[in-house]
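# Structure at a glance
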Amino acid sequence: MLTEKALAELVDPSALDLEAELDQLARRYRGASGPVIELLNLLGGSAENLLDRLPQKVRGQLDSATEAALFAAMRAADKSRDVVSDQPGWFHGALTTVMGAAGGMGGLPTALAELPLTTTVLLRDIQGVAVSNGFDPSAESVQFDCVQVFASAGPLAHDDGADMAFLATRMALRGASMQALIAKVAPRLAHVLGQKLAAQSVPLLGAVAGAATNYAYASYYRDMAHVHFRLRRLTIEADARPEELVAALKRRVKGPVVAG
């Protein structure tokens, strides 16, 4: 696999339309949630009330369960690369949809058992996006980025585009361990996955809700991964400072973007 330096040397800066690239990323960011979220809200009520459906004991253990799931997902996703090649995004979406339906059929107990498996598939999909942008998923900095994508707002969360700090966080984590990063990301991801579990616990509709939530989450985090890693690639191709590109993308997400 080519190194980042080698890839950068292959890029013709004069052929790069940075403004168009940023416009495209802004459209992808704004459209990440999509109409599936409306379906989830119909199934499970408003996102704000979903967590109230969970038993207090489950809510109290979400952070630790999510942290454990992330560690397990990192190990499993890395090991799977030795035996299974990267698959297209639709495959991961289909796989997580089936897993979500199976997890939702038995209510909360089976949904909890399915959680680390879904997290592993999501992480493996994020790694695939990193590879498609020319990054080595075995590199520590790329592994940090893959986990960091989970720090973006979940698809059931209200996000007006103002919260894009996850794109620039890596610069502030130099010297941090993976354990420290996962501990930082886990509480936010726990809130997101808690909403997923609650949607799967809807009586009679658990399998449908499980399939819909997993499809939505796979699509959402894949889009966030594309934004994250393409932005990182653009810093190399355009020889630009990451914070400058993040700021430019923020302006586009908040303002009108011409349809492409």
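Above: the structure in question.
Below or above, wherever it landed, is the structure these notes cover. Just so you know, these numbers come straight off a predicted model, no measurement behind them. (Residues numbered from 1 in each chain as written. Predicted model: local features only at pLDDT ≥ 70, side-chain atom pairs only at ≥ 80, totals over all residues. Heavy atoms only, no water.)

### Focus on the overall build of the protein
Along its length, the protein carries 11 helices and zero strands. Traced from its N-terminal end to its C-terminal end, the protein shows the element sequence α-α-α-α-α-α-α-α-α-α-α. The long-range fraction of contacts in the protein, counting pairs at least 24 apart against all pairs at least 6 apart in sequence, stands at 84%. About 12,100 Å² of surface is accessible on the protein, with carbon and sulfur atoms providing 58% of the total. (Helix = DSSP H or I, 4+ residues; strand = E, 2+ residues; numbered from the N terminus. Contact = heavy atoms within 4.5 Å. Areas by Shrake-Rupley, 256 points an atom, 1.4 Å probe, with all protein chains shown as cover.)

### Comments concerning helix H5 (residues 56–80)
Its 25 residues give H5 an end-to-end C-alpha distance of 35 Å, which sits within 8% of 36 Å, the value for a rise of 1.5 Å per residue. A bend of about 50° at Leu62 is the largest found in H5. Where H5 is concerned, the buried positions are Val58, Leu62, Thr66, Ala69, Leu70, Ala73, Met74, Ala77 and Ser80. At its buried positions, H5 is contacted by helix H7 (108–132), helix H8 (140–149) and helix H9 (178–200). (Expected span 1.5 Å × (residues − 1). Bend = angle between axes of the 7 residues up to and from the residue. Buried < 20%, exposed > 50% of the residue type's maximum accessible area, 1.4 Å probe, protein only.)

### Considerations on the packing of aromatic side chains
A full pass over the atoms with the stated rule returns four aromatic pairs. The interplanar angle of 65° and the centroid separation of 5.2 Å between the aromatic rings of Phe150 and Tyr221 together place this pair among those described as edge-to-face. Remark: Tyr221 occurs in helix H10 (residues 206–237) and Phe150 occurs in the loop between H8 and H9; sequence separation between them is 71 residues. The buried category is assigned to Phe150, whose relative accessible area is 1%. Residue classification places Tyr221 among the buried residues on the basis of a relative accessible area of 1%. (Phe/Tyr/Trp six-rings, centres within 6.5 Å; stacked < 30°, edge-to-face > 60°.)

### Let's talk about the side chain of Glu21
Of note, Glu21 is situated in helix H2 (residues 18–30). For Glu21, a relative accessible area of 19% gives the class buried. Those residues in contact with Glu21 that sit more than four places away from it in its chain are Leu16, Arg230 and Leu234.

### Details of unusual backbone geometry
In most cases, non-glycine residues show a negative phi, while peptide bonds are predominantly trans. Within the chain, Asp239 stands out as a residue other than glycine whose phi angle is a positive 50°. Tracing the backbone shows Asp239 in the loop between H10 and helix H11 (242–254). Looking at Asp239, the relative accessible area reads 71%, which means it is exposed.

### Comments concerning the packing of helix H6 (residues 89–105) against H10
Axis separation between H6 and H10 bottoms out at 7 Å; the angle between their running directions is 150°. Judged on the interaxial angle alone, H10 and H6 are roughly antiparallel. Regarding H6 and H10, the two cross each other, and that crossing is right-handed. From H6, Gly89, His92, Gly93, Thr96, Thr97, Met99, Gly100, Ala101, Gly104 and Met105 reach across to H10, where they touch Gly206, Ala207, Gly210, Ala211, Asn214, Tyr215, Ala218 and Arg222. Each residue belonging to the contact of H6 with H10 can be placed in one class, and the counts come to seven nonpolar, 10 polar and one charged. (Axes fitted to C-alpha atoms, helices over the stretch in contact; angles between N-to-C directions. Parallel < 35°, antiparallel > 145°, perpendicular 65-115°, else oblique. Left-handed = near helix turned anticlockwise from the far one by under 90°. Nonpolar A, V, L, I, M, F, W, Y, C, P; charged D, E, K, R; others polar.)

### Thoughts on the nonpolar core
The biggest cluster of nonpolar side chains holds 58 residues, and the ones touching the most others in it are Leu54, Ile126, Phe150, Val185, Leu189, Tyr221 and Phe229. Elements supplying a minimum of two residues to this core: H2, H5, H7, H8, H9, H10 and H11. Among the elements that line this core, the one with the most residues is H10, at 11 residues. Here Ile126 is in contact with Cys146, Val149, Phe150, Tyr221, Ala225 and Phe229, once residues within four sequence places are set aside. (Core = buried A, V, L, I, M, F, W, Y, C linked by side-chain atoms within 4.5 Å.)

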